Amino acid sequence: MENIRLRKATSKDRAIVADFDYSLDKDEHIKLHRIEKITKAISNEECFLILIDKQEVGFVIFDYRFFDQGWIELIIIDEKYRRKGVGGKTFDIIREQSKSDKVFTSTNNSTTQMQRALTKANFTFAGKLYGLDEGGPEVFYYKNI
Ligand SMILES: CC(C)(COP(=O)(O)OP(=O)(O)OC[C@H]1O[C@@H](n2cnc3c(N)ncnc32)[C@H](O)[C@@H]1OP(=O)(O)O)[C@@H](O)C(=O)NCCC(=O)NCCS
């Protein structure tokens, strides 16, 4: 898909980012105080809106906290825009802009759509980590730049 780009989120975008997160999982959004995570990522300039033309369709939080490697902390795309290649294109843009040798990410074992999207984008399986989440292991992936 063409015309997909990332724009650094500012404090003015906090509500729209929070809406994407709330829509994905209302209970977790509230229970885990995700607004604090979003606010912090925006103030650290680590939160990016995903745009198709001028339309916001999701967001991604990207930083270097994982052993100084690029780290996709969270990506959420609005349900209406999923499976159209937006996730894959977002991974490509992140790789192009990353200052590290590799980009890593992880997701819960149960989040199969993320695992499929990563596999399709040629990310390599890096291993599973048990104990973080009682709901199942965390699955790690990476891609060379
Ligand atoms: C995970 C996510 C970011 C992927 O973004 P996306 O834009 O849908 O990804 P793509 O369109 O690039 O998908 C690429 C491939 O992934 C696979 N895939 C994605 N979602 C799938 C689904 N629901 N069922 C089966 N395969 C799926 C397919 O192989 C797809 O390619 P195809 O449509 O040509 O078959 C998006 O689904 C999302 O926001 N999910 C909810 C939030 C989430 O789980 N985030 C990850 C946790 S950090």
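In what follows, the accompanying structure is described. None of these values were measured; they are calculated from a predicted model. Residue indices begin from 1 for each chain and proceed along its sequence in written order. For a predicted model such as this one, the threshold for reporting local features is a pLDDT of at least 70, and the threshold for listing and counting side-chain atom pairs is 80 or more; totals across whole chains, interfaces and linings nevertheless cover every residue. For side-chain calculations, the full set of non-hydrogen atoms in the structure is used, while hydrogens and water are omitted.

1. Some thoughts on the nonpolar core
Move 1: In this description, a nonpolar core means a group of buried Ala, Val, Leu, Ile, Met, Phe, Trp, Tyr and Cys residues linked to one another through side-chain atoms lying within 4.5 Å. Only protein chains enter the accessibility calculation, which uses a 1.4 Å probe. A residue is then buried if its area is under 20% of the maximum for its type, exposed if over 50%, and partly exposed in between. Formed by 22 residues in total, the largest nonpolar core has its most connected members in Ile 50, Val 60, Ile 72, Ile 75, Phe 91 and Phe 123.
Move 2: To qualify as a helix, a DSSP run of H or I must reach at least 4 residues; to qualify as a strand, a run of E must reach at least 2; elements of each kind are numbered from the N terminus. Among the elements of the structure, strand E1 (4-8), strand E2 (47-52), strand E3 (55-66), strand E4 (69-77), helix H4 (86-97), helix H5 (112-120) and strand E7 (138-144) are those that each provide at least two residues to this core.
Move 3: Sort the elements by how many residues they give to this core and H4 lands first, with 4 residues.
Move 4: Between two residues, a contact is recorded if the distance between any of their heavy atoms is within 4.5 Å. Excluding residues within four positions of it along the chain, Phe 91 makes contact with Ile 72, Ile 75, Met 114, Ala 117, Leu 118, Ala 121 and Phe 123.
Move 5: Counting residues in hydrophobic clusters, the runner-up holds 14 residues, among them Phe 20, Ile 38, Ile 42 and Leu 74.

2. Side note on the site of the ligand
Move 1: Nearness here has a simple test: a residue counts as near a molecule or strand if at least one of its heavy atoms is within 4 Å of that partner. Around the ligand, the surrounding shell holds 19 residues, and the nearest of these are Ile 77, Arg 83, Gly 85, Gly 87 and Lys 120.
Move 2: Under this definition, polar contacts are N or O atom pairs within 3.5 Å; protein pairs additionally need one hydrogen-donor-capable and one acceptor-capable atom, and for neighbouring residues in sequence, both atoms have to be side-chain atoms. The side chain of Arg 83 places a nitrogen or oxygen atom 2.7 Å from an oxygen atom of the ligand.
Move 3: Gly 87 is positioned with one of its backbone polar atoms (N or O) 2.7 Å from an oxygen atom of the ligand.
Move 4: Taken by itself the ligand offers 910 Å² of open surface, and the protein chains cover 81% of this.
Move 5: In a pocket analysis with a 2 Å cut-off to the grid points, the ligand is assigned to the largest pocket.
Move 6: Going through the elements one at a time, E4, H4 and H5 are the ones with two or more residues in the shell around the ligand.
Move 7: Among the elements that make up the shell around the ligand, the one with the highest residue count is H5 (5 residues).
Move 8: For this classification, Asp, Glu, Lys and Arg are treated as charged, while Ala, Val, Leu, Ile, Met, Phe, Trp, Tyr, Cys and Pro are nonpolar and the rest, including Gly, are polar. For the shell around the ligand, a count of residues per class yields 8 nonpolar, 6 polar and 5 charged. Only the protein chains shown count as cover for residues, and the accessible areas themselves come from Shrake-Rupley with a 1.4 Å probe. Computed over the protein atoms alone on a 1 Å grid, cavities are sets of points where a 1.4 Å probe fits but cannot get out and pockets are open sets with protein on both sides within 12 Å along at least five of seven lines; a residue lines them when it has an atom within 4 Å of a point. Assignment to a cavity or pocket requires that more than half of a molecule's atoms be within 2 Å of the site's grid points.

3. Overview of the sheet that holds E1
Move 1: Should DSSP find at least two bridges between two strands, the strands are regarded as paired. Spatially, the 7 strands line up as an open sheet ordered E1-E2-E3-E4-E5-E7-E6, and their pairing is mixed. On the outer flanks of this sheet lie E1 and strand E6 (124-129), each paired with one strand and no other. Along the sheet, successive strands turn relative to each other by an average axial angle of 30°, direction set aside.
Move 2: Bridging between E4 and strand E5 (residues 102-108) involves 3 bridges; their strand directions are parallel. Considered in E5, the bridge of Trp 71 is made with Phe 104.
Move 3: Between N-to-C directions, angles span 0 to 180 degrees; the directions come from axes that are lines fitted to C-alpha atoms, helices contributing only their stretch in contact. In the packing of helix H1 (residues 14-24) onto the sheet, contacts are made with E2, E3 and E4, and the angle to E3 comes to roughly 90°.

4. Things to note about the pattern of salt bridges
Move 1: The term salt bridge refers to a side-chain nitrogen of Lys or Arg lying within 4 Å of a carboxyl oxygen of Asp or Glu. Taken as a whole, this structure holds 7 salt bridges when the rule is applied.
Move 2: The partner of Lys 80 in a salt bridge is Asp 78, with the nearest N and O atoms 3.3 Å apart.
Move 3: Each of Lys 37, Asp 63, Arg 65 and Glu 73 takes part in salt bridges that share partners, so that together they form one network.

5. A closer look at the layout of surface pockets
Move 1: Grid points are joined across faces, edges and corners, and a volume is the space filled by probe spheres set on the points. Reported here for the largest pocket is a volume of approximately 1,500 Å³.
Move 2: Elements with a contribution of two residues or more to the lining of the largest pocket: helix H3 (34-43), E4, H4, E5, H5 and E7.
Move 3: When residues in the lining of the largest pocket are grouped by element, the largest group, 7 residues, is from E4.
Move 4: Looking at the lining of the largest pocket, its residues break down into 16 nonpolar, 11 polar and 14 charged.
Move 5: In this structure, the second largest pocket occupies an estimated 200 Å³ of space.
Move 6: Around the second largest pocket, the lining residues are Leu 6, Glu 45, Glu 46, Phe 48, Phe 62, Asp 63, Tyr 64, Ile 94, Gln 97, Ser 98 and Lys 99.
Move 7: Looking at the lining of the second largest pocket, the elements that each hand over two or more residues are E3 and H4.
Move 8: The element contributing the most residues to the lining of the second largest pocket is E3, with 3 residues.
Move 9: Here the lining of the second largest pocket is built from residues that sort into 5 nonpolar, 2 polar and 4 charged.

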